[in-house]
Amino acid sequence: MLHQEGHCLPKPPPLALCEAPVNYNYTTITSSPHGDHWRNLRRLTSAEIFSTSGLVSSSSTRFEEAHVLIKQMVNKWRRDHDKSDDQFVKVEFKSVFSKVGFNIVMRMLGVKPCFEAEEMLEAEKGGKRLEDLMKRFHPQEPFALGDFFPFLWWLDRWFVGKKMIKLHQNRDVFIERLIEERRDSMCSSGVTKEGEKGAAIIDVLLCLQRANPDYYTDDIIKGIVLIMFTPGTAALALFIEWAMALLLNNPHALTKTRDEIDSNIGRNRLLTESDLVKLPYLRNVINETLRLCNFAPILVPREASEDCTIGGYNISRGTMLLVNILAVHKDPNEWSEPTVFKPERFEGEGCERSGANWLPFGMGRRKCVGEGLALKTLGLIVGVDGSVL
Ligand code: HEM
């Protein structure tokens, strides 16, 4: 089906969750229907934000955050070790990696990070701030009855729609503040040139706005900043946490990861993103984590744009089609021992990955635009943490 995009167009999300204001009037890249606007956003994000050179110029930001994290972990271990002979230190990974994710995004945008170094490892320090950010950008998505029973759409409009609009207002105020902060600082520093290399994401967007104010309205800019927070932070934090949990529960894989880093990078310096190409086993650990754990088990819904046949089934025009990647990733016909954590399955020529059986970032035209950023961040943080555990 994903190969037949001539017949199956990615469909905007269901009505109830997509009340026009929630997605800046359907202008964000994730909600925008296929067409010139979506293509333009896709080009803009791929060329200006997630391009290879864009990611290289923001790599120091991610390195510094990884560095802060490790420094804090070592300090905590020393402090706790001084108090008792216990060689173990308790760290609550979920909040730690969420804080790291938010800090990376804020710094890539060009604004002050949300959490200070001393707040990273202590769940109670900055806890309220983290809770507010999570509620704002990763709330429990309300269940919309109308998506499954269309005649109940009016119920959603009242209950789900109202909640989503309130959520949107809350996000909008937050994002607007960030943009104003950058606008003021650009005015005072006199930056006027478009997209200087290494420029913060909001600066790049504001420069584009200056050149073409009719197209790059504030809402378009806010929609792009929003994707940095929504898929950008939660998915990363979740996969880093899973990768660490899988490594800790599979000591042979942890030892192999650490040995690979020791022999290729040594112990005198911290891993950087440019080292990742020399670490194929670490990449396999990330791939296997992405296979076993899913952030969203179902890809963006597709819709048959004409009558067609897919996998022997006749599909009528207008039918909504869903791809369950969780099932694809655990299919016993494709993967041996599908529930077992085995990074080695991605190794060498006879590797089990065949393209269509591994699609954590989706496939086709709506494939994840942040894949490069995600793989670099996962590799860096998991590699740095794995090497000191
Ligand atoms: C491990 C982390 C991530 C995973 C597993 C992931 C996965 C996905 C998946 C499965 C899709 C839907 C693809 C489809 O339906 O074919 C998607 C879309 C998308 N992702 Fe990600 N993502 C991750 C991180 C990110 C990051 C860090 C960003 C940006 C900061 C991002 C931005 C987007 C956007 C904008 C789309 C919509 C693309 C479009 O509709 O054209 N993702 N992602």
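Residues numbered from 1 in each chain as written. Predicted model: local features only at pLDDT ≥ 70, side-chain atom pairs only at ≥ 80, totals over all residues. Heavy atoms only, no water.

Identification of the protein chain as Cytochrome P450 from Stephania japonica is taken from an unreviewed UniProt entry. Under Cofactor (unreviewed entry), UniProt gives the following word-for-word description of the protein chain: "heme". (UniProt positions renumbered as here; feature names shortened; annotations may be inferred.)

Caption draft 1: Fine view of the site of the ligand. Residues in close proximity to the ligand total 24 residues, the closest being W38, R42, R302, R366 and C368. Side-chain polar atom of R42 to an oxygen atom of the ligand: 2.7 Å apart, as the coordinates give it. In this structure, R302 approaches the ligand through a side-chain N or O atom, which is 2.8 Å from an oxygen atom. Elements with a minimum of two residues in the shell around the ligand: α1 (36–49) and α8 (218–249). The greatest single-element share of the shell around the ligand, amounting to six residues, is contributed by α8. (Near = heavy atom within 4 Å. Polar contact = N/O pair within 3.5 Å; in protein donor to acceptor, adjacent residues only side chain to side chain. Helix = DSSP H or I, 4+ residues; strand = E, 2+ residues; numbered from the N terminus.)

Caption draft 2: Representation of the packing of aromatic side chains. Scanning all chains against the criterion turns up eight aromatic pairs. When the centroid spacing of 5.9 Å and the interplanar angle of 45° are considered together, the rings of W335 and F346 count as tilted. Remark: F346 occurs in the loop between α11 (325–329) and α12 (371–388) and W335 occurs in the loop between α11 and α12; sequence separation between them is 11 residues. The pair formed by W335 and F346 is uniform in burial state, with each residue classed as buried. The interplanar angle of 70° and the centroid separation of 6.1 Å between the aromatic rings of F346 and W358 together place this pair among those described as edge-to-face. Of this pair, F346 sits in the loop between α11 and α12 while W358 is found in the loop between α11 and α12, placing the two residues 12 residues apart along the sequence. For the pair F346 and W358, one class covers both residues: buried. Ring pairing ties together the aromatic residues F102, F137, F174 and F229, which thus form one cluster. (Phe/Tyr/Trp six-rings, centres within 6.5 Å; stacked < 30°, edge-to-face > 60°. Buried < 20%, exposed > 50% of the residue type's maximum accessible area, 1.4 Å probe, protein only.)

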